[in-house]
Amino acid sequence: PSSNPEMSDPTFEPALVRQLRSTLAGNPPFCSGTLGMQPKDFTLFYGKLEGDNARRVNLSGTSPQDVDAFCALEQACEAATFGRDAEAVLDETYRKAGKMDSENFLLGLDVDRSRLVDIVRTGLLAGDDETKAIKAELYKLNVYGKHAFFKSHKDTPRGTDMFGSLVLVFPTPHEGGALVLRHEGNEWTFDAAQILSATAHYELKRVAYIAFFSDVEHEVLPVTSGHRVTITYNLYWAPPPAVAFPEELSIIYPKHSNFAAVGEALAELLADSKFLPEGGTLGFGLRHAYPFEKRWEWRMRMPDPLDQLRGWLKGSDAALFRGLQALLLYPQPWLVCKSDSYHITVMVDRMITLEYCEEDECFALLNYHRGVRVVEKCSDGTVKPSEGDESYREHGPNDGKQLGVFWVTEHSGKYNSIGSEYTAYGNEPSTAYMYMDVSLLVDIGPAGDRANTHDIVGVTAMRSKK
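Here goes a summary of the coordinates provided. (Residues numbered from 1 in each chain as written. Predicted model: local features only at pLDDT ≥ 70, side-chain atom pairs only at ≥ 80, totals over all residues. Heavy atoms only, no water.)

Digging into the environment of Ser 114
Item 1. Structurally, Ser 114 is set in the loop between strand S9 (105–107) and helix H4 (116–124).
Item 2. Residue class for Ser 114 comes out buried when judged on its relative accessible area of 16%.
Item 3. Distance from Ser 114 to Asp 41, taken between C-alpha atoms, is 9.4 Å for residues 73 residues apart in sequence.
Item 4. Only 2.9 Å separates the side chain of Ser 114 from the backbone oxygen of Val 111, close enough to count as a polar contact. (Helix = DSSP H or I, 4+ residues; strand = E, 2+ residues; numbered from the N terminus. Buried < 20%, exposed > 50% of the residue type's maximum accessible area, 1.4 Å probe, protein only. Polar contact = N/O pair within 3.5 Å; in protein donor to acceptor, adjacent residues only side chain to side chain.)

Take a look at the structure:
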């Protein structure tokens, strides 16, 4: 028997594949820190528009009078709802907190003049995206009193140009209420109460901030005492201005992006002559989900969001895209759909509007929408056996397209059940947008000439005529 694991085990993966996969997963989908601010920045005015006298509260205060003012602020808030698909739900077993809409309060802090938006852009975005302009749109004030919490959810996308959220946690006396982030099986805890208490001796009072991509699942753990006061901004792509960092900045995480590391790991993998020696197609399931319009319709000549996607890519997804381009490769976004019943995977290179159909969605894509069946390849270029071969022969098109793909990072396809409803828990009801999972597919040439894909029958050859 062979002692070479590459020959004896069809599931063997070279160490360089694992290294690239680890590099792509290494960039956390958030940034956080604290920022010292002037006393006026902590001043909050609030009150309803209908003739109510505005009240004032100092969000850095710790005196008994300040605590009374936080109680009054909590009383002035409405009970916070959350979104379940298109419905706003009030359920204090899922979310217990107070909320105030942006038209009912005014904060002394200007996030643009404080350079906080620039700080977030540099911390959250990778490589060249650090120079892209973003804007922060004031969204809501929340007060979490004792025993308040918000179970796990994702922020509701409010447009295709929205990519994240920025949350400011003020130094109001409180304990508990840590924010827990979860993404791709990883978990991080941002305990602003502890972080801010450790900065109490600083000359300037500080606010804790955390910014994260909008598809990251998160929850607020119960507050055990005091009042946790936060203000949230929605983050959008915008046209450019400039950066200068204030002296009072101390970034906690991350210190830098991993764009260079992604490029190096890709180059090292493709230099390995044993990896796909005759060339082929690589697949990368992207780390983030992206908001797409639910009511997209090609007959109305609406632009296909997949064509615009490269301008919205976040974090390590953007670093991967640029890393592939730097190697003179041509990455292409595709939507991938999996059928658990028939054990097949199908991909399409454009948005599809499927009405209700009785047959399996994957076969509807194959039979009527020029979908491409995906079969999995090993690192040496051989095709892995699939449970779906028999069902494909029985239900698939006679002249259907198939593509062998080596998946560097696994595709999910969990959001891409194109014809069925799904329940989404968000901070607001969602009517116009839904998250979709996207994969990047890229053809590579044979070992020693990876940029030469002229003779590769790969993903480029599978594209539909748009």
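Let's talk about unusual backbone geometry
Item 1. The phi angle at Glu 184 is positive, at roughly 55°, despite the residue not being glycine.
Item 2. Mapped onto the elements of the fold, Glu 184 is located in the loop between strand S14 (179–183) and strand S15 (186–190).
Item 3. Among the residues examined, Glu 184 registers a relative accessible area of 43% and is labelled partly exposed.
Item 4. One non-glycine residue with positive phi stands out, namely Leu 276, at about 40°.
Item 5. Relative to the assigned elements, Leu 276 resides in the loop between helix H6 (259–270) and strand S21 (280–285).

Describing the sheet that holds S9
Item 1. The antiparallel open sheet is built from 3 strands, whose spatial order is S3-S2-S9. Whereas interior strands pair on both sides, the edge strands pair on one side only; in this sheet they are strand S3 (55–58) and S9. For this sheet, the mean inter-axis angle between neighbouring strands, taken without regard to orientation, is 20°.
Item 2. With 3 bridges joining them, strand S2 (residues 43–46) and S9 adopt antiparallel strand pairing. By the bridge assignment, Phe 45 is partnered in S9 with Leu 106. (Pairing = 2+ DSSP bridges. Axes fitted to C-alpha atoms, helices over the stretch in contact; angles between N-to-C directions.)

Here's the deal with the environment of Phe 321
Item 1. Topologically, Phe 321 is positioned in helix H8 (residues 315–326).
Item 2. Spatially, the C-alpha atom of Phe 321 lies 9.8 Å from that of Pro 333, the residues being 12 residues apart in sequence.
Item 3. Discounting chain neighbours no more than four positions away, the residues touching Phe 321 are Arg 310, Leu 313, Pro 331 and Leu 440. (Contact = heavy atoms within 4.5 Å.)

A look at the sheet that holds strand S24 (residues 344–348)
Item 1. As summarised here, the arrangement of the 6 strands in space is S21-S26-S25-S24-S23-S29, forming a closed barrel in which the pairing is mixed. On average, each strand axis in the sheet is tilted by 45° relative to the strand beside it, whichever way the strands run.
Item 2. Summarising the sheet, S21 and strand S26 (residues 401–409) pair through 3 bridges and their orientation is parallel. Paired with Leu 282 across the two strands is Phe 406, which belongs to S26.
Item 3. The sheet contacts of helix H9 (residues 361–368) involve strand S23 (332–339), S24 and strand S25 (372–376), and relative to S24 the element is tilted by about 50°.

Here's the deal with the pairing of S21
Item 1. For S21, the buried fraction is high: 6 of the 6 residues fall into the buried class.
Item 2. Of the strand pairs in this sheet, S21 and strand S29 (residues 438–444) are connected by 6 bridges, and their pairing is antiparallel. When the sheet's bridge partners are listed, Gly 285 is paired in S29 with Ser 439.

Describing the pattern of salt bridges
Item 1. Applying the stated criterion across every chain yields a total of 12 salt bridges.
Item 2. A salt bridge links Glu 187 to Arg 182; the shortest N-O distance between them is 2.9 Å.
Item 3. One salt bridge connects Lys 314 with Asp 215, and the closest N-O pair in it is separated by 3.1 Å. Of this pair, Lys 314 sits in the loop between helix H7 (305–308) and H8 while Asp 215 sits in the loop between strand S16 (206–213) and strand S17 (217–220), and the two are 99 residues apart along the sequence.
Item 4. Assessed through its relative accessible area of 1%, Lys 314 is described here as buried.
Item 5. Each of the salt bridges in this network shares a partner with another, and the network as a whole consists of Glu 78, Lys 99, Asp 101 and Lys 140. (Salt bridge = Lys/Arg side-chain N within 4 Å of Asp/Glu carboxyl O.)

Quick notes on H4
Item 1. Summarising burial for H4: 8 of the 9 residues are buried, a large majority.
Item 2. Along H4, the residues that are buried comprise Leu 116, Val 117, Asp 118, Ile 119, Val 120, Arg 121, Gly 123 and Leu 124.

Some thoughts on the side chain of Arg 373
Item 1. Relative to the assigned elements, Arg 373 resides in strand S25.
Item 2. When near neighbours in sequence (up to four residues on either side) are disregarded, Arg 373 contacts Ile 344, Thr 345, Val 346, Leu 366, Ser 386, Gly 388, Asp 389, Tyr 392, Lys 401, Gln 402 and Leu 403.

Details of the side chain of Arg 95
Item 1. Mapping Arg 95 onto the fold places it in strand S7 (residues 95–96).
Item 2. With relative accessibility at 7%, the residue Arg 95 sits in the buried group.

Comments concerning the state of the cysteines
Item 1. For the coordinates displayed, the defined rule picks out 0 disulfides.
Item 2. Left without a disulfide partner, Cys 362 is nearest to the cysteine sulfur of Cys 337, which lies 3.8 Å away.
Item 3. Accessibility expressed as a relative area gives 0% for Cys 362, which makes it buried. (Disulfide = S-S within 2.5 Å.)

Here's the deal with the nonpolar core
Item 1. In terms of nonpolar packing, the biggest core is built from 108 residues, with Leu 44, Leu 59, Leu 168, Leu 282 and Phe 284 touching the most fellow members.
Item 2. Looking at this core, the element that brings in the most residues is S16, giving 7 residues.
Item 3. When residues are assigned to domains, this core turns out to be shared by domain 1 (28–237) and domain 2 (259–462), each giving three or more.
Item 4. Setting aside chain neighbours within four positions, we find Phe 284 in contact with Leu 20, Leu 24, Leu 266, Leu 320, Leu 324, Trp 407, Val 408, Thr 409, Val 438, Ser 439, Leu 440 and Val 442.
Item 5. In terms of nonpolar packing, the next biggest core, distinct from the first, is built from 11 residues, Trp 334, Val 336, Trp 407 and Leu 441 among them. (Core = buried A, V, L, I, M, F, W, Y, C linked by side-chain atoms within 4.5 Å. Domains from an automatic or database assignment.)

Geometric values such as these leave the question of function open.
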